[in-house]
Structure formats: C-alpha cells, structure tokens
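Each chain, written out:
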Amino acid sequence: MLKDTGNAGRMPARFTIMDMLIPLSSPDITQAEIDAVIDVLKTSTLSIGPKIEQFEQACATVAGRRHGIGVSSGTSGLHLCMLAAGLKPGDEVITTPFSFVASTNCILFAGARPVFVDIDPKSLNIDVSRVESAVTDKTKAIVAVEAFGHPGGMVELERIAQRNELILIEDCCEGFGGGIGEHGPVSAVHARGRRIGSFGRAGVFGFYPNKQITTGEGGMIVTDDDRFAALCRSYRNQGRDGMNWLAHARLGYNYRLSEINAALGIAQVLRIDEILSARRRVANAYMRRLMTNPSLILPNIDESIDMSWFVFVVRLSDLFDAADRDELIIGMRQSGIGASNYFPPIHLQPYVRDALGTKPGDFPVCEYVSNRTIALPFFNRMTEGQVNLVCDTLEKLIERRLVTRKPRT
Ligand SMILES: Cc1ncc(COP(=O)(O)O)c(C=O)c1O
C-alpha cells in the first residue's frame, strides 16, 4: 500500500520535494508577484484593505459572478457555503466520492449527511444520470466537484437542482478559469458559454500552491446572490455584520485572507491567460507523447469543454490493478519523479466509513477508476524534455511491471 495519499505537491517524509528531479507541482511566481507582496509589506494595511476587494472583484469576473468573498482556504470557503445555505443536522447533501476530502468534510462540519453518488468514468465527475434517484425529502443541497478542472455535467446538475429545489454548490477548487461552450482568453468578456464558478448558488475556488493560481493558502467564494454573499462575509469575519468591530450578529469564524495573500493573488490573476495556456501546452505535450500507449487511458475532453488543467492524471488499463499502480508510483518516486494516487475514494477513508457506514463496493466506478489513476508532474514551466523524461520513465516501469508481476488468477 502507498503511504502517501496526500494532496498534490505534498510528499511523504521519505520523498521530499528536494529529492525530486521533477516535482509533482510547482508554483509559478514571477517578479510581478514578488513586487506586489513587497508593496503591501511597505504599507500599514496587512489585512482588511483594498487588495482583498480588488482580488475578489478579479475572481468574480473570471467566474462571471457579481460577488467574490476571499477566504483563508478552499475548505473554509466550502464550510461557509454550507452555513450560508442553512444546512443543519439531519439534512442530506448529494456529492461525489471521487474528490479531495474537503468536498465531503464541509458537509460533515455542518452536521449534515453526505450522500454519495457514483461517478461518470469519462468526466470523473458525479454521474448526473444517478443523482435524482438519490434525492429524498431530507435532501437540501448538492456539492458538485469539477474533478481535475473538468466542468462536465454542471449544466445538467444545475437543471436537476432547480427541478428538485436543491441548493447547488460548486466545489471548483480545481477549475479556476475553465468553462463550457466557449474557448478563448479568460480576460475577454464571455458573452456565450458558461464559466466554471458560475453554476448554482455559489462556487468555491482554492489557491493552494498546486492550483492554477496561488495565494500561498487561500480560497474564494463566488456568487450572484446578495444575501448569500453577505452571510459568507459575516461568517468569514467572526460573525460581524457592520462597522462595529465588537458587535457579532452570529457565530462566525476568522476565515479572512490577508492583504499579502490577496496581493499575490491579484498578480497571478493578471497573468491568468498566460498561465492557462502554459498548462494547456504541457497537457498537450503529455497527450501527444502518451496517446498511443495501450496501457494508458488519457483524459477525455469534449470539444465543448474549455478545460482548466489542474493536474495531468492518466489511468491504467484493465490489465492493471491498485497494487500495480502503487508499484508504478513508488518506481516513479525512486527515479526522482513526483507521482500520486489521485484520488483515493472518500467513502473509504476511515473516518467516513465510521461516520456513514460506507464500505468497499459501494461505488464501483469510483473505486475502479481510483485504483488505477496516477497523477504525473504538472506545472506551468514544465519543458517538453521533462514531459518526455516522465513518460519514458513511466513506460519503462509499466513494461517491467507487465513482465515481473505475478500472473492474475
Ligand atoms: C476538490 C477540492 N476541494 C477542496 C479543496 C480544499 O482546498 P484547500 O486546500 O485550499 O483548503 C481542494 C484542494 O486541493 C480540492 O482539490
């Protein structure tokens, strides 16, 4: 079994980033970002100032929304969405088992019950054809995740949410800048098509350093709903409702994002077109290099999808299982190349099994996919030479594994 099932870029103690010839992820920080942070440090306003407002506006524009509410992480943003949606113990929330755990944890934070629905093997997002049969009279919301930045199924989910009077929250932590139905620079005005972050009641972006843009740590709620936005602003700021610093209208949190982080975020958003096209270039290089390998299934992206590449994840064919996958990841890391098993099924995490009674076999598509996925190194400045080295190493390891493993019974 693999010891490391951590988030992108986080390595187990045995394999540190420093050891990696090619890391799994790497932030793209230019002099503009450094200057922006230093400029803030020269002022006396390090929190609650003009930078956060500017960053909120910039992110709202990318998502095609009216409001942005900057928060300390994607997880805290999701938590606030659950509170603003009014979720309480006894409520059910439909979600995907194939994600980073925060998309389920936010439901548990609110005391509500996550109800998992299996995934679509192509988009790796929740299977929209199965969602309505999971709706009960306790269902209040859907937390949908755009796995690896793929917005597949979001239009259908929005219709399902409307038809069943459910609150749709988009966990778009992995999809900043992507969309459906229209391609082109994010900085251009999008008259047609839909942007990631624009579906349902609200969306939440994440800005951990492995994401398309980073603020070190940080997140952003985006919504068109004035009341929802006001509630999120209040919950983020210790439940304050107005100018009086020591008046607290509700039980809140300190989930604020500092001016330093916001300044970094603004400098990154200003480069969003360049960043997304660099990531497209790396994804295309992987696609070209690996498309003829019969042992691998590559990401499947329809023409209509304007993918915002978060990570590059390949899937091993039916010939392989989880033990093969784990051996390949260990082999990659021993060769100095970052690799990870994105994502272990959430319903099989020990605390989720304890809380919900879920078990192996409950969501077969998720488990099948999850047993065979490998995230490969992916970052803006990755060169074609690095892509080739990753692919050569992976292919050699696959060939060796096919020869040396025990025959399947
Ligand atoms: C789908 C998804 N949701 C939520 C999060 C949580 O974001 P953060 O690490 O900023 O709390 C992540 C982060 O990796 C994520 O990938």
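Described below are features of the structure shown in this document.

The rules behind each value
- Each residue is numbered by its place in its chain's sequence as written, counting from 1.
- In keeping with the model being predicted, local features are shown solely for residues with a pLDDT of at least 70 and side-chain atom pairs are shown and tallied solely at 80 or more, while totals for entire chains, interfaces and linings include all residues.
- To obtain the side-chain values, all non-hydrogen atoms of the structure were included, while hydrogens and water were left out.
- Three exposure classes are used, based on accessible area relative to the maximum for each residue type with a 1.4 Å probe and protein chains only: buried under 20%, partly exposed in between, and exposed over 50%.
- The secondary structure listing takes helices from DSSP runs of H or I that are at least 4 residues long and strands from runs of E that are at least 2 residues long, numbered from the N terminus.
- Being paired, for any two strands, means DSSP has found at least two bridges between them.
- Polar contact criterion, stated in full: a pair of N or O atoms within 3.5 Å, where within protein one must be able to donate a hydrogen and the other to accept it, and residues adjacent in sequence count only if both atoms are side-chain atoms.
- Of the grid points, spaced at 1 Å and generated over the protein atoms alone, those admitting a 1.4 Å probe that cannot get out make up cavities, while open sets with protein on both sides within 12 Å along at least five of seven lines make up pockets; any residue with an atom within 4 Å of a point is treated as lining.
- Grid points are joined across faces, edges and corners, and a volume is the space filled by probe spheres set on the points.
- When residues are grouped by polarity, Ala, Val, Leu, Ile, Met, Phe, Trp, Tyr, Cys and Pro land in nonpolar, Asp, Glu, Lys and Arg in charged, and all others, Gly among them, in polar.
- As used throughout, domain bounds are those supplied by an automatic or database domain assignment.
- Only a single heavy atom is needed: when it lies within 4 Å of a molecule or strand, its residue is near that molecule or strand.
- The protein chains shown are the only cover counted for residues, whose accessible areas, like all others here, come from Shrake-Rupley with a 1.4 Å probe.

So, on to the pairing of strand 8 (residues 202-206). Along strand 8, five of the five residues are buried, which leaves the element largely enclosed by surrounding structure. Residue alternation in strand 8 divides its side chains into two sets, Ala202, Val204 and Gly206 and Gly203 and Phe205, and both sets are buried. Relative to strand 8, strand 5 (residues 167-171) is paired through three bridges, and the arrangement is parallel. Bridge pairing in strand 8 links Asp171 to Val204. The sheet contact formed by strand 8 and strand 9 (residues 219-223) spans five bridges and is antiparallel. Within strand 9, the residue paired with Gly203 across the bridge is Val222.

This brings us to helix 3 (residues 74-84). For helix 3, the tally of buried residues reaches nine of eleven residues, placing the bulk of the element in the interior. Here helix 3 has its buried residues at Gly74, Ser76, Gly77, Leu78, His79, Leu80, Cys81, Met82 and Ala84. One side-chain oxygen of the residue at the start of helix 3 lies 3.3 Å from the amide nitrogen of Thr75, identifying that residue as Ser73. Two residues or fewer after helix 3 comes Gly86, characterised by a positive phi angle close to 75 degrees.

In the structure shown here, the tally under the stated rule is two cavities of 30 Å³ or more. Around the largest cavity, the lining comprises 15 residues; the ones closest to its centre are Ser26, Pro27, Asp28, Lys211 and Gln212. Classifying every residue of the lining of the largest cavity by side-chain character gives five nonpolar, seven polar and three charged. Shared between two domains, the lining of the largest cavity takes at least three residues from each, and those domains are domain 1 (17-27 + 272-404) and domain 2 (31-269).

With that settled, the discussion passes to the site of the ligand. For the ligand, the set of nearby residues contains 14 residues, the closest of which are Gly74, Thr75, Asp171, Glu174 and Lys211. At 2.7 Å from a nitrogen atom of the ligand is found a side-chain nitrogen or oxygen belonging to Asp171. Between the ligand and Glu174 there is a distance of 2.6 Å, counted from an oxygen atom to a side-chain nitrogen or oxygen. When the ligand sits alone it has 390 Å² of accessible area, and the protein chains cover 97% of it. When residues in the shell around the ligand are grouped by element, the largest group, three residues, is from helix 3. Residue composition of the shell around the ligand, by class: five nonpolar, six polar and three charged.

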